[in-house]
Amino acid sequence: MRALVRQPGPDLARGLLTHIERHPVDVDLARRQWDAYVIALEAAGWEAIEVPPALAEADSVFVEDTMVVFGDRAVIARPGAPERRGEIPDAEQTIRSLGYQVTTITEPDTLDGGDVLKIDGHLYVGVGGRTSPGAVQQLSAGLGAPTTAVRVAKVLHLKSGVTALPDGTVIGYPPLVDDTSVWASFLPVPEEGGAHVVVIDDVTVLMAASAPRTAALLADRGLRVVTVDISEYEKLEGCVTCLSVRLR
Ligand code: CIR
């Protein structure tokens, strides 16, 4: 189990915002939180592979947005925010160096990795924000996988609103989910931060410390829940998913 991660840069506090108000970011605390996030992944059995830091790019820590990996293929994103396109070259170089079969999203289409939710070999792709409808076809062709476009308006990315548990149940905080009926099996959670899980293995999820009631709910379902404090990234519309690219 391997995941790409990328250290935050010095301009992190100037990261982009779309759906929330700006609050001051403590960059030193953010660095410590990033260290703890990587340690949590490693403690759970994952190898963390670092993409070289992009010191001039405020949002580069959100490395998930730079690509989508599926099996032995990777599609390199073309970020919907032009400010983030400088993050791409070194991320692409890193995944190429690991031997993946790589294609890229080409203009005029745009895609952010945070808009892509993989469930059981199917890709759900949020469109309407950073990702364009044409990118959904490009992604499907590049990865050789079936895709379904899902409208996203209430939050930055599809996975800002919903993620999936190891058994494929989709979880989300209903006020921030555009259409819960898209999902055959949907479990509402009581906190915004509870909508985001990284599937560690069949019985374990990683989630933010900001959602203790959701953590209890998932533990009641029999899951092992690992929590990390990512408060400084939440201020920038980040969540546990966007801080890594799981290579699977
Ligand atoms: C942005 O607006 O692009 C960053 N401030 C946050 C990106 C978060 N990424 C994600 O949820 N996948």
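The coordinates are above.
Only a predicted model underlies this, so the values are computations on that prediction, with no experimental measurement involved. (Residues numbered from 1 in each chain as written. Predicted model: local features only at pLDDT ≥ 70, side-chain atom pairs only at ≥ 80, totals over all residues. Heavy atoms only, no water.)

Trainee: Explain the environment of Ala-48 to me, using residue names and the numbers behind them.
Mentor: If you trace the backbone, Ala-48 turns up in strand β2 (residues 47-50). Considered as a pair, Ala-48 and Val-5 are 43 residues apart in the sequence and their alpha carbons are 6.4 Å apart. Other than its neighbours up to four places away in sequence, Ala-48 contacts Ala-3, Val-5, Val-38 and Glu-42. (Helix = DSSP H or I, 4+ residues; strand = E, 2+ residues; numbered from the N terminus. Contact = heavy atoms within 4.5 Å.)

Trainee: Now, about the sheet that holds strand β12 (residues 198-201): what can you tell me, with residues and values included?
Mentor: Taking strand neighbours across the sheet as the criterion, the three strands line up as β12-β13-β14 in an open arrangement whose pairing is mixed. Whereas interior strands pair on both sides, the edge strands pair on one side only; in this sheet they are β12 and β14 (224-228). The mean angle between the axes of side-by-side strands here comes to 30 degrees, regardless of whether they run parallel or antiparallel. Relative to β14, helix α1 (residues 27-43) is tilted by about 160 degrees, and along the sheet it contacts β12, β13 (204-208) and β14. On the sheet, helix α5 (residues 212-220) packs against β13 and β14 and is oriented at approximately 170 degrees with respect to β13. (Pairing = 2+ DSSP bridges. Axes fitted to C-alpha atoms, helices over the stretch in contact; angles between N-to-C directions.)

Trainee: Any details on the pattern of salt bridges? Residues and values, ideally.
Mentor: Opposite charge on two side chains permits pairing when their charged atoms draw close. For the structure shown, the criterion picks out 11 salt bridges. A salt bridge links Arg-221 to Asp-167, with the shortest nitrogen-to-oxygen separation between them at 3.2 Å. Note that Arg-221 is positioned in the loop between α5 and β14 and Asp-167 in the loop between β9 (162-164) and β10 (170-172), a separation of 54 residues in sequence. The salt bridge involving Glu-191 is made with Arg-213; its shortest N-O contact spans 3.8 Å. Taken as a pair, Glu-191 in the loop between β11 (186-188) and β12 and Arg-213 in helix α5 lie far apart in primary sequence, 22 residues in all. A relative accessible area of 10% places Glu-191 in the buried class. Residue Arg-213 is classed as exposed on the basis of its relative accessible area, which comes to 54%. Bridged by salt links that share partners, the residues Glu-64, Lys-159 and Arg-246 form one connected network. (Salt bridge = Lys/Arg side-chain N within 4 Å of Asp/Glu carboxyl O. Buried < 20%, exposed > 50% of the residue type's maximum accessible area, 1.4 Å probe, protein only.)

Trainee: Any chance you could break down the site of the ligand for me, citing the residues and the numbers?
Mentor: Lining the immediate environment of the ligand, one finds 13 residues, of which Leu-16, Asp-65, Arg-84, Arg-130 and Leu-236 sit closest. Interatomic distance of 3.2 Å between a side-chain N/O atom of His-157 and an oxygen atom of the ligand. Across the complex, the protein chains shield 99% of the 340 Å² of accessible surface that the ligand would expose by itself. Across the shell around the ligand, the residue classes break down as five nonpolar, two polar and six charged. (Near = heavy atom within 4 Å. Polar contact = N/O pair within 3.5 Å; in protein donor to acceptor, adjacent residues only side chain to side chain. Areas by Shrake-Rupley, 256 points an atom, 1.4 Å probe, with all protein chains shown as cover. Nonpolar A, V, L, I, M, F, W, Y, C, P; charged D, E, K, R; others polar.)

Trainee: A description of the nonpolar core should follow, citing residues and the corresponding values.
Mentor: With 29 residues, the main nonpolar core has Leu-12, Tyr-37, Leu-41, Leu-206 and Tyr-233 as its most contacted residues. Those elements that place two or more of their residues in this core are β1 (2-5), α1, β12, β13 and β14. Sort the elements by how many residues they give to this core and α1 lands first, with seven residues. Ala-74, Val-102, Val-245 and Leu-247 belong to the second largest nonpolar core, which has 15 residues in total. (Core = buried A, V, L, I, M, F, W, Y, C linked by side-chain atoms within 4.5 Å.)

Trainee: Go over unusual backbone geometry, please, and point to the residues and values.
Mentor: Glu-107 connects to Pro-108 through a cis peptide bond whose omega is 10 degrees. As for its position among the elements, Pro-108 is in the loop between β5 (101-104) and β6 (116-119). One non-glycine residue, Asp-120, lies in positive phi territory at about 55 degrees. Here Asp-120 falls in the exposed class, since its relative accessible area comes to 82%. Of note in the backbone geometry, Glu-237 takes a positive phi value of approximately 65 degrees without being a glycine. Along the chain, Glu-237 turns up in the loop between α6 (231-234) and β15 (245-246).

Trainee: Residue-level account of the layout of surface pockets, with values.
Mentor: Empty space among the atoms can be located by rolling a probe the size of a water molecule over them. The computed volume of the largest pocket comes to approximately 580 Å³. Looking at the largest pocket, it is lined by 29 residues, and the ones nearest its centre are Leu-117, Lys-118, Ile-119, Val-199 and Arg-248. Within the residue set of the lining of the largest pocket, elements represented by two or more residues are β3 (67-70), β6, β9, β12 and β15. The computed volume of the second largest pocket comes to approximately 340 Å³. Contributing to the lining of the second largest pocket are 17 residues, with Ile-20, Glu-192, His-196, Glu-234 and Glu-237 lying nearest its centre. Tallied by class, the residues present in the lining of the second largest pocket amount to seven nonpolar, six polar and four charged. (1 Å grid on protein atoms, 1.4 Å probe; cavity = no way out; pocket = protein on both sides within 12 Å on 5 of 7 lines; lining within 4 Å. Points joined across faces, edges and corners; volume = space filled by probe spheres on them.)

Trainee: Quick rundown of the state of the cysteines? Include the residues and the values.
Mentor: Throughout the structure, instances matching the rule amount to zero disulfides. Cys-239 takes part in no disulfide bond, and the closest cysteine sulfur to it belongs to Cys-242, at a distance of 4.1 Å. You can call Cys-242 buried: its relative accessible area is 6%. (Disulfide = S-S within 2.5 Å.)

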